[in-house]
Amino acid sequence: DSLKQPNVIFVVARDADGTALACGAVVLLDGYGELKRMYVRPEARGRGLAKTIIDCLERESARRNCHVLRLETGIRQPEALGLYVRAGYERRGRSGDYPDDPLSVFMEKRLTA
């Protein structure tokens, strides 16, 4: 139910048989969107699906007049961190209602119109 809210953009990548391979979401908040729930099934990794999901979420966020995306991930997520850096996200301080946590990395990207 949380993914069916009007302020949530949810994207799923499927194979030709309709099997879900990857997904991601953005929750549109006051002044920014938060990238959440990024996941690619292990057997589908390395195909560029995560980048495709991020690109789609960024386009739809900008279309809805959201021009800043933020995210939180863990310091022990090197693949995720690399993906976000390659996609143009930069480290920033804590945001939202997240507590200070030495295991968290916060990132942000400004989207072009």
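Now for a look at the structure at hand. (Residues numbered from 1 in each chain as written. Predicted model: local features only at pLDDT ≥ 70, side-chain atom pairs only at ≥ 80, totals over all residues. Heavy atoms only, no water.)

### Section: the layout of surface pockets
Consideration 1: Taken as a whole, the largest pocket spans an internal volume of roughly 550 Å³.
Consideration 2: Lining of the largest pocket is provided by 22 residues; of these, Val40, Ala50, Glu79, Ala80 and Leu83 occupy positions nearest its centre.
Consideration 3: With 6 residues, strand β3 (residues 33–40) is the single largest residue contributor to the lining of the largest pocket.
Consideration 4: Partitioning the lining of the largest pocket into residue classes produces 10 nonpolar, 4 polar and 8 charged. (1 Å grid on protein atoms, 1.4 Å probe; cavity = no way out; pocket = protein on both sides within 12 Å on 5 of 7 lines; lining within 4 Å. Points joined across faces, edges and corners; volume = space filled by probe spheres on them. Helix = DSSP H or I, 4+ residues; strand = E, 2+ residues; numbered from the N terminus. Nonpolar A, V, L, I, M, F, W, Y, C, P; charged D, E, K, R; others polar.)

### Things to note about the side chain of Glu58
Consideration 1: Among the secondary structure elements, Glu58 is positioned in helix α1 (residues 49–63).
Consideration 2: Setting aside anything within four residues of it in sequence, one finds Glu58 in contact with Leu69, Ala87, Tyr89, Lys109 and Leu111. (Contact = heavy atoms within 4.5 Å.)

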